[in-house]
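These are the residues of each chain, in order.
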Amino acid sequence: MDLCSDGEQTPVGEVHVTDAATDDVRSAQAALANLVRGGLMVAGESVFRELEFHYHTVEDWEDFLQRPKTGRVEAQPDHLRKALSLVAEGRAILVGTEATVFSVFSLRGR
């Protein structure tokens, strides 16, 4: 997670997903792998991308923290307080990035 202001990016900390979110992803991956092994689906191309999430207000940030899959925040408290102060003043935004993969699966025979 970075603080962005006037074209500058300053690292603030990291936000982790909950164990439940990780379990959900692994479960979905296993279900798709079973469908491919069973011959019902065909795995296509996969593309890795960085997703960006922008938090323009403190309320946006607090809403994000309340999501069930948002885990612990690792940041120095003083840095996070200062970052949120700048966001509240409209002088900066918080930007989170997440490496993710997009994969294509199709039904066999289609």
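Provided above is the structure to which this section pertains.
Quantities reported herein were computed from a predicted structural model and do not represent experimental measurements. (Residues numbered from 1 in each chain as written. Predicted model: local features only at pLDDT ≥ 70, side-chain atom pairs only at ≥ 80, totals over all residues. Heavy atoms only, no water.)

A. Layout of helix H1 (residues 19-37). The end-to-end C-alpha distance of H1 is 27 Å, a good match for the 27 Å that 19 residues give at a rise of 1.5 Å each. With its phi angle positive at about 80 degrees, glycine 39 sits one or two positions after the end of H1. (Helix = DSSP H or I, 4+ residues; strand = E, 2+ residues; numbered from the N terminus. Expected span 1.5 Å × (residues − 1).)

B. Summary view of the nonpolar core. Formed by 14 residues in total, the largest nonpolar core has its most connected members in Met1, Leu3, Val12, Trp61, Leu80 and Leu94. Elements that contribute at least two residues to this core include exactly helix H2 (58-66) and helix H3 (77-88). Per element, the largest residue contribution to this core is five residues, and it comes from H3. Not counting the four nearest positions on each side in its chain, tryptophan 61 is found in contact with Met1, Val15, Tyr55, Val73, Leu80, Leu84 and Leu94. (Core = buried A, V, L, I, M, F, W, Y, C linked by side-chain atoms within 4.5 Å. Buried < 20%, exposed > 50% of the residue type's maximum accessible area, 1.4 Å probe, protein only. Contact = heavy atoms within 4.5 Å.)

C. Just the sheet that holds strand S1 (residues 2-5), in detail. Ordered in space as S2-S1-S6-S4, the four strands form an open sheet in which the pairing is antiparallel. In this open sheet, the two edge strands, each paired with only one partner strand, are strand S2 (8-11) and strand S4 (41-55). For this sheet the average axis-to-axis angle between neighbouring strands, irrespective of direction, equals 35 degrees. Bridge count for S1 against S2 is four bridges, and the pairing is antiparallel. When the sheet's bridge partners are listed, cysteine 4 is paired in S2 with glutamine 9. Set on the sheet, H1 makes contact with S4 and strand S6 (93-107); between it and S4 the angle comes to about 160 degrees. Contacts between H3 and the sheet are confined to S1, S4 and S6, with S6 contributing the most and set at about 90 degrees to the helix. (Pairing = 2+ DSSP bridges. Axes fitted to C-alpha atoms, helices over the stretch in contact; angles between N-to-C directions.)

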